[in-house]
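# Summary of the model geometry
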Amino acid sequence: MPELPEVEVVRQFLDGHLLGKTISNIEILTPKSFIGDPKLAQNQKIIKTSRIGKQLSIHLENNLVLLFHLKMTGQIILGEFIFGHPTPKEDKSILPNKSTRLVFTFSNGSKLFFNDQRKFGWVKIFTPENLEKSQKNLGRDILDSNFTLKYFFQQLQTSKRPVKSVLLDQSKFAGIGNIYANDALFLAKINPQTPSNQISSEKATKLRKFLIQIMKESILAGGSTAKDNKYIRPDGSSGQNQFNFRVYQRDGEPCLICKTPIKRIKLGGRGTFYCPHCQK
Ligand SMILES: [Zn+2]
């Protein structure tokens, strides 16, 4: 699932290519993938992009906002980069394909495809007030300046659940998913099963620092295209941050510090990876 860094890479890409473009049409191929009246976005110029956690907003000149949530397998692909550039994995040069749910056409004829194999993702049209309401239940974004150590430590204190599961709770921390939770816990040498409220302030300091560090590192690397190959950038290319994974999807491989094989367990239903020696 795309997490904060992947959504931020997509946002930056769209910011560089969509600002000033006018939406002339939104074609809905899968009704559940678009919520609201697409006509409200018609003939509207894109004036801004923004992101909180894993949610991406495209702001229109009439003040309405198109909110994208990629969920498990959502992809945003710009047609201008794809046609004539097939990639080895599948022929993405043929769009729309069977995973295409929405097609946005701009007044200059260029297109944006919203692809989503598993159909959990969506685009929804919001007024600014309704958007604020819908995002009120989100915790603070990891890269926002209001994600302070005080806030982080306080939130960790509120739960006895395993710290790994608490990190994934979007109502506390917006943007962390399975990749970055696993890797940050490894770097901070914290066992993922540790009850959240038993994390010392010293450990919390480290954990917060590493969370921010690996998210920034991933953005610079274009995000993580993990083994499922679902995340791609809007030009159809893969990210490169999967080569920076410390423990995520490395079960059985040697720990980067002590060479002990990385272990995989299930925690809260999610694959959890850690070094039994370094993360006692
Ligand atoms: Zn180790």
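### A few points about the domain arrangement of the protein
Under the domain assignment, the protein is made up of domain 1 (4–134) and domain 2 (140–274). Spacing between the C-alpha centres of domain 1 and domain 2 amounts to 27 Å. With 22 residues of domain 1 at the interface, the matching set in domain 2 holds 23 residues. The set of elements that each furnish at least two residues to the side of domain 1 that touches domain 2 consists of α1 (4–18), β6 (74–78) and α2 (79–82). Of the residues forming the side of domain 1 that touches domain 2, the biggest block, 8 residues, is contributed by α1. Per-class residue counts for the side of domain 1 that touches domain 2 are 12 nonpolar, 5 polar and 5 charged.

### Observations regarding the packing of helix α6 (residues 178–187) against helix α7 (residues 201–220)
Taken N-terminus to C-terminus, the directions of α6 and α7 make an angle of 130°; their axes are 9 Å apart at the nearest point. Relative to α7, α6 is oriented oblique. As α6 packs across α7, the resulting crossing turns out to be right-handed. On α7, the residues that touch Tyr180, Asp183, Ala184 and Leu187 of α6 are Leu207, Phe210, Leu211, Ile214 and Met215. Grouping the amino acids of the contact of α6 with α7 by side-chain chemistry returns 8 nonpolar, no polar and 1 charged.

### Examining the packing of α1 against α7
With their axes 9 Å apart at the nearest point, α1 and α7 run at an angle of 40° to one another. Taken together, α1 and α7 sit at an angle that is classed as oblique. Here the hand of the crossing between α1 and α7 comes out right-handed. In contact with Leu4, Pro5, Glu8 and Val9 of α1, α7 contributes Met215, Ser218 and Ile219.

### Some details on the pairing of strand β5 (residues 65–69)
In the sheet, strand β4 (residues 55–60) pairs with β5 via 5 bridges, with the strands oriented antiparallel. Residue pairing for β5: Ser57 is matched across the bridge by Leu67. Where β4 folds back on β5, the antiparallel hairpin that results is connected by 4 residues, among which Asn63 adopts a positive phi of roughly 80°. The pairing of β5 with strand β9 (residues 122–126) spans 5 bridges and is classified as antiparallel. Across the sheet, residue Leu67 finds its bridge partner in β9, namely Lys124.

### Thoughts on the sheet that holds strand β7 (residues 100–106)
Read across the sheet, 9 strands follow the order β2-β9-β5-β4-β3-β1-β7-β8-β6 without closing on themselves; strand pairing throughout is mixed. The sheet terminates laterally at β2 (34–35) and β6, the two strands that pair on one side only. Alignment of strand β3 (residues 44–52) against β4, held across 6 bridges, turns out to be antiparallel. Within β4, the position partnered with Arg51 by the bridge is Leu56. Here α1 sits on the sheet in contact with β3, β4 and β6, set at roughly 160° to β3.

Rules used throughout
Residues numbered from 1 in each chain as written. Predicted model: local features only at pLDDT ≥ 70, side-chain atom pairs only at ≥ 80, totals over all residues. Domains from an automatic or database assignment. Contact = placed C-beta atoms within 7 Å. Helix = DSSP H or I, 4+ residues; strand = E, 2+ residues; numbered from the N terminus. Nonpolar A, V, L, I, M, F, W, Y, C, P; charged D, E, K, R; others polar. Axes fitted to C-alpha atoms, helices over the stretch in contact; angles between N-to-C directions. Parallel < 35°, antiparallel > 145°, perpendicular 65-115°, else oblique. Left-handed = near helix turned anticlockwise from the far one by under 90°. Pairing = 2+ DSSP bridges.

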